Every structure is written in C-alpha cells, then in structure tokens.
Amino acid sequence: QVRLVESGGGLVQAGGSLRLSCITSGIAFSISFMGWYRQAPGKQRELVATITSGGSTRYGDSVKGRFTISRDNAKKTVDLQMNSLQAEDTAVYYCMGRPPCGLDAWGQGTLVTVSS
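Numbering of residues starts from 1 in each chain and follows the order in which that chain's sequence is written. Given that the model is predicted, a residue must reach a pLDDT of at least 70 before its local features are reported, and side-chain atom pairs must reach 80 or more before they are shown or counted; all residues, however, enter totals for whole chains, interfaces and linings. Derived side-chain values reflect all non-hydrogen atoms in the structure, with water molecules and hydrogen atoms excluded from consideration.

Participant: Could you give an account of the sheet that holds strand S1 (residues 3-7), naming the residues involved and the relevant values?
Facilitator: Strands were regarded as paired on the criterion that DSSP finds at least two bridges between them. A run of DSSP states H or I qualifies as a helix once it reaches four residues; a run of E qualifies as a strand once it reaches two. Both are numbered from the N-terminal end. Strand order across the open sheet formed by four strands is S1-S3-S8-S7, with antiparallel pairing between neighbours. At either margin of the open sheet sits one strand with a lone partner, and together these are S1 and strand S7 (67-72). Adjacent strand axes in the sheet meet at a mean angle of 15° when their direction is disregarded. In this structure, strand S3 (residues 18-25) lies alongside strand S8 (residues 77-82), joined through six bridges in antiparallel fashion. Across the sheet, Arg19 pairs through a bridge with Gln81, a residue of S8. Axis definition: a line fit to C-alpha positions, over the contact stretch in the case of helices; interaxial angles, taken between N-to-C directions, run 0 to 180 degrees.

Participant: Which residues make up the packing of aromatic side chains, and what values go with them?
Facilitator: Within a pair of aromatic rings, the relevant descriptors are the distance that separates the centres and the angle that separates the planes. By convention, a stacked pair of Phe, Tyr or Trp rings (six-membered ring in the case of Trp) has centres within 6.5 Å and planes under 30 degrees apart, an edge-to-face pair has planes over 60 apart, and any other such pair is tilted. Using the criterion set out here, one finds one aromatic pair in the structure. Over the face of the ring belonging to Tyr94 we find Arg45, whose NZ or CZ atom lies 3.9 Å from the ring centre. Above the ring of Trp106, the side-chain terminus of Arg45 is found at 4.6 Å from the ring centroid. Each ring is checked for a lysine NZ or an arginine CZ that lies within 6 Å of its centre and within 35 degrees of its normal; such an atom marks a charge sitting over the ring.

Participant: Describe the nonpolar core, with residues and values.
Facilitator: By convention a nonpolar core is built from buried Ala, Val, Leu, Ile, Met, Phe, Trp, Tyr and Cys residues, the set being connected through side-chain atoms within 4.5 Å. With a 1.4 Å probe rolled over the protein chains alone, any residue whose accessible area is under 20% of its type maximum counts as buried; one over 50% counts as exposed, and the rest are partly exposed. Grouped together as the largest cluster of nonpolar side chains are 27 residues, with contacts concentrated most on Trp36, Val78, Leu80, Met82 and Tyr93. Of all the secondary-structure elements, those providing two or more residues to this core are S3, strand S4 (33-39), strand S5 (46-51), S7, S8, strand S9 (91-98) and strand S11 (110-115). Should any heavy atoms of two residues lie within 4.5 Å, those residues are considered in contact. Those residues in contact with Val78, other than ones at most four positions away along the chain, are Leu20, Ser21, Cys22, Phe29, Met34, Trp36, Ile51, Ile69, Ser70, Arg71 and Cys95.

Participant: Provide a residue-level description of the environment of Ala28, including the pertinent values.
Facilitator: Looking at the secondary structure, you find Ala28 in the loop between S3 and S4. Judged by its relative accessible area of 40%, Ala28 is partly exposed. When the C-alpha positions of Ala28 and Asn73 are compared, they lie 9.7 Å apart, and in sequence the two are 45 residues distant.

Laid out in structure tokens, this is it:
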C-alpha cells in the first residue's frame, strides 16, 4: 500500500521560513518522480516543485528562487524548503509520487498559513 505523509506545515509570519517533509512507503521511491503541489482556498491545485529520480528540479514561477525541493533516496523522503514566505503562499501543500509504471499517489496535505 502506497502512503505519503506530509509534515511541517503551520503558521508563519511573512518573510519567514518553513520546511515541509514527505515520508513515503510502499513506493519504489528511488525511481519515482516526486513533487509538491498546493491548493489555496477557491483556487485550483498548482505545481510548486518537482524532482526527478536523477535529481533534476522544476519550480512554479511564483516560488522560483525562494523554495528548494530535495530528496533522500535512503530515507525515502522528499522535502520542500520554503523561504521568504508571502501571504500568497498560504495553501494546503500536497506531496505527490509518480512511479514509472503506476498511478500518481498523493498525501493528505499539510496546511501552511502565512500571516502578513
């Protein structure tokens, strides 16, 4: 059974930092495409950052230069370091895993609230 569990969300002031972590199980992590997405109230889910099995990264335009995605294949975790947070970053953040021959798996989400 595939499980993705996010942690690290919370309330932070604008300009502050948070680090999200996603712990996975039941997935061929080292060969899976991983990512973080977010959904703000009343908006569609959007890409935050992705990382390939080889470590190549991609970021949404609104977070470039502020957020960093990383993965630890030994621990089967993918993290999202978020700096210079803005009120517009307030959302539920979801971890996503995409194995080579399987369906996308999603975590339950963790809420990030940035106060201005």
